[in-house]
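Tertiary structure, described
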Amino acid sequence: MDLLITGVTEPQGFVTRVLRNDEGEFSTLSQDLPGLLFSSGAWGDYDADGDLDILVSGADLSPFILEGRRMILRNDGGHFVLADDIGEGAVGSGRWGGAVGWGDFTNSGGLDLDLLVWGESAVRILRNRKQEGGERPSIPVDLEVKVEGSTAMLSWSEPQSSELPGTYNLRVGTAPLGVDLVSPMADPVTGMRYISRRGNTGSGTAWTLKGLEPGRYYWSVQALNNAYTASQFSEERVFVVGSEVLAAATATVEIVPSSVVFTKLGETIRRRATAKRANGVIIEHALIVWETADAAVAEVDKQSDGSVVVTAVGSGSTEVIATAGAVSARATVRAPKLVVPPPPPVGPPLTEREALTALYNATGDPDWVNNTKWLSDRPLGEWHGVHTNNEGRIIGLQLESNGLSGALPPEIRFFTELTWLSVVDNSQLTGPIPPEIGYLTALQSVTLVFNNLSGSIPREIGNLTNITLLLIASSLSGPIPAEIGNLAALQFLGLYSNRLSGPVPLEIGNLTALKVLNLSGSGMTGPLPNELLNLQLTTFNWGRTHDDLCMPATDAFAQWAEQIAELQGPWCNRLDHDILQAIYELAGGDGWTNQSGWPDDPVLSNRYGISTNASHQVVAIDLSSNELAGQLTHDLTRLVDLRVLKIGGNPELTGRIPYTFPSFSDLQEFRYAGTGLCVPQGNFVRNWLSTVPVHEGTGADCPPSEDREVLVQLYEAWSERIRPVKYIINEGTYSLN
């Protein structure tokens, strides 16, 4: 960059000089240029020949008075020629000094003159007739970026044309077309400059940004010639510093592959997750948070490249979870089976008679309802509830509604020939299921229901590989142990009416002989695992509507459920299902042009106009021009993941926009043009509409509400806990005491 100097260097020594920059070494141009007093100067290519010309404004001493003078020194190949002497006629007599600058007040693409002069104050704009328009420079090419830590190094190449080099103008923002980080003082769409000056990066073709916060950055660059005419901006490019934090627009997260199977403890496997927007576009460098559902089975270690290393540390199954923003994905993890041995015996071996005596003493003895022949010397088969085989060995215990209290003792381990155990309806029977049950490998049926047992299901239950019926409904807590997947012969499993926690273990999918499964009221939470699809059930009950255990609303589960004769339980998107049902009923669903999938398909994305996220919750509704007729339900706001609502082109859809709609805090698009919908009076709904990024309405205001309608709206708003009481009341002459 060369320098222009104009002014006074010594008494009556007026100069205008050009200092040429040769790689940082400045030398004075040998040519003598006219000098002025009280002067200022500016570079600019006023004749659009590619060379920088000089504009100087000041005063000339002639001989005893100061006279204003403005000069344009045209650059002809490095030699400056006086091209125009803009003097008295342009700005008036006696006006001298001041400041001068180039501008383009006509938006012609050429350089006009802005003059601020004094003597007698005056401001003048002089139009440049030599340069009206002209071709715009070519757009820079080969945009590249290199990111190292918090530093980004941007570069580009000169346009591939015969134009003389000019300067470049950089734009960088934190949003598409943004200018909040580096402003170009130009329109990022058209490239039109707001000021006429050199580009903000000078003539260089690289720029470095330091100290950037983690996130996504958008940038482009334009070229300027020496007349300050600008090209359009290059195609926008994006770079990411650190890890990008996802916005609410993230729709899905995928882990590929979606399962991890270990063959030995200590083994490691790497997995990656991909975050996508609603349109399926992958979000590069997305911030993924990894975690494990059970650190006793698998540990996770996030790597610098965003992947995760999963390590098997224990037996069983769990899930690794990848979360981006508010959206998660899960991958199943299976570690090697580990048969948990029963606890080592304590004390000397007991006979079955001695073990029965220990059971009697531990569970209430004389308080039993029926203790016939217990503790007698009669054969064990004559004791109430005891069943023996031909050899006198105990094969069954049936102690139902018998007033047992206390806890089941560890001595049950000595009933090694026991094939069925039924302890039912003993409300005073407490304590845990003893882990010694794992010794009873001959068991084929266990019924422990309507007692008051506590604790967790022992892992040792996985040793009962001959069992075909297992019913436990006794207020147990904790997760279901993964070892339950070892019960390959199991046909009937009931874990209802408990206080269990966590998800259904994936190992239940190993129970391929299972026909009846009852998990109603079990206390477990979350969606049912895909491994259940391996089972051919005839009866399945997984809960009531208010239970937290639910069936994923996918095509696979819907098809699987159709094969089950007796089925009861909620779908994971049951609330969304109910709200869509209300839309269908209130907006005349029977008369819609396209009713595909409505109103019963449990897979909501199979319904016309409905889009869902990875959790199968509704994120978009597009029922435009579908002959909707009626009104909107105020329950729409309970679709907490809804981002797009398009219902335009339905003229028979009428009424007020519900007062509940301002609770749509994350709605991104709302289109209802071409309907009979109107905006309620007052500012409550109107102010909310102004915050929706994409809003296309009818522009119609609602008339004041009738008394009954106001009360209905007030009730709806109150029931939704929005409570815009004053806004509704303001429509009429009402007040609250």
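For the structure, check the block above.
Let us look at the structure shown here.

Rules used throughout
- Residues numbered from 1 in each chain as written.
- Predicted model: local features only at pLDDT ≥ 70, side-chain atom pairs only at ≥ 80, totals over all residues.
- Heavy atoms only, no water.
- Disulfide = S-S within 2.5 Å.
- Helix = DSSP H or I, 4+ residues; strand = E, 2+ residues; numbered from the N terminus.
- Buried < 20%, exposed > 50% of the residue type's maximum accessible area, 1.4 Å probe, protein only.
- Core = buried A, V, L, I, M, F, W, Y, C linked by side-chain atoms within 4.5 Å.
- Contact = heavy atoms within 4.5 Å.
- Pairing = 2+ DSSP bridges.
- Axes fitted to C-alpha atoms, helices over the stretch in contact; angles between N-to-C directions.
- Phe/Tyr/Trp six-rings, centres within 6.5 Å; stacked < 30°, edge-to-face > 60°.
- Lys NZ or Arg CZ within 6 Å of the ring centre and 35° of its normal.
- Salt bridge = Lys/Arg side-chain N within 4 Å of Asp/Glu carboxyl O.

Our focus in this paragraph is the state of the cysteines. Counting across every chain of the model gives 2 disulfides. Between the sulfur atoms of Cys-678 and its disulfide mate Cys-702 the distance is 1.9 Å. Across the disulfide from Cys-678 to Cys-702, rotation about the S-S bond amounts to roughly 105°, and the bridge is consequently right-handed. Of the two residues, Cys-678 is situated in strand 45 (residues 676–678) and Cys-702 in the loop between strand 46 (694–696) and helix 6 (707–719); the sequence distance between them amounts to 24 residues. In this structure, Cys-678 and Cys-702 share a single accessibility class: buried. Numbered in order of appearance, the disulfide-bonded cysteines of the protein are paired 1-2, 3-4.

Judged by nonpolar contacts, the single largest core of 65 residues is most densely connected at Leu-356, Leu-493 and Phe-540. Elements with a minimum of two residues in this core: helix 2 (352–362), strand 26 (394–400), strand 28 (420–424), strand 30 (445–449), strand 31 (469–473) and helix 3 (555–562). The contacts of Phe-540, once residues within four sequence positions are left out, are Leu-517, Leu-519, Leu-528, Leu-532, Met-551, Trp-560, Ile-564, Glu-566, Leu-567 and Gln-568. Of all hydrophobic cores here, the second largest spans 34 residues; its members include Tyr-584, Val-618, Phe-664 and Leu-667.

Through backbone hydrogen bonds, the strands of a sheet pair up, either in parallel or in antiparallel fashion. Strand order in the open sheet formed by 3 strands is 13-15-16, with antiparallel pairing between adjacent strands. Looking at strand neighbours, the two that pair on one side only are strand 13 (167–173) and strand 16 (237–241), the edges of this open sheet. When the angles between neighbouring strand axes are averaged without regard to direction, this sheet yields 30°. Across 7 bridges, strand 13 lies against strand 15 (residues 215–224) in antiparallel orientation. Across the sheet, Val-172 pairs through a bridge with Trp-219, a residue of strand 15.

Under the criterion given, the structure shown has 17 aromatic pairs. Centroid distance Tyr-360 to Trp-368: 4.7 Å. Interplanar angle 70°. Geometry classified as edge-to-face. Accessibility assignment for this pair places Tyr-360 and Trp-368 in one class, buried. Through a chain of ring-to-ring contacts, the aromatic side chains of Phe-661, Phe-664, Phe-670, Tyr-672 and Trp-688 assemble into a single cluster. Note that Arg-413 overlies the ring of Phe-414, its terminal NZ or CZ placed 4.7 Å from the centroid. The ring of Trp-598 carries the charged tip of Arg-607 above its face, separated from the ring centre by 5.4 Å.

Another point: the pattern of salt bridges. In the structure shown here, the tally under the stated rule is 13 salt bridges. Where Arg-643 meets Asp-666, a salt bridge forms, and the shortest distance between an N and an O atom there is 3.9 Å. Taken together, the positions of Arg-643 in the loop between strand 41 (618–622) and strand 42 (644–646) and Asp-666 in the loop between strand 43 (654–656) and strand 44 (669–671) put the pair 23 residues apart, joining distant regions of the chain. The class of Arg-643 is buried, set by a relative accessible area of 18%. As a salt-bridge pair, Arg-671 and Glu-669 come within 2.4 Å of each other at their nearest N and O atoms. Taken together, the salt bridges that share partners define one network made up of Lys-373, Arg-378 and Glu-382.

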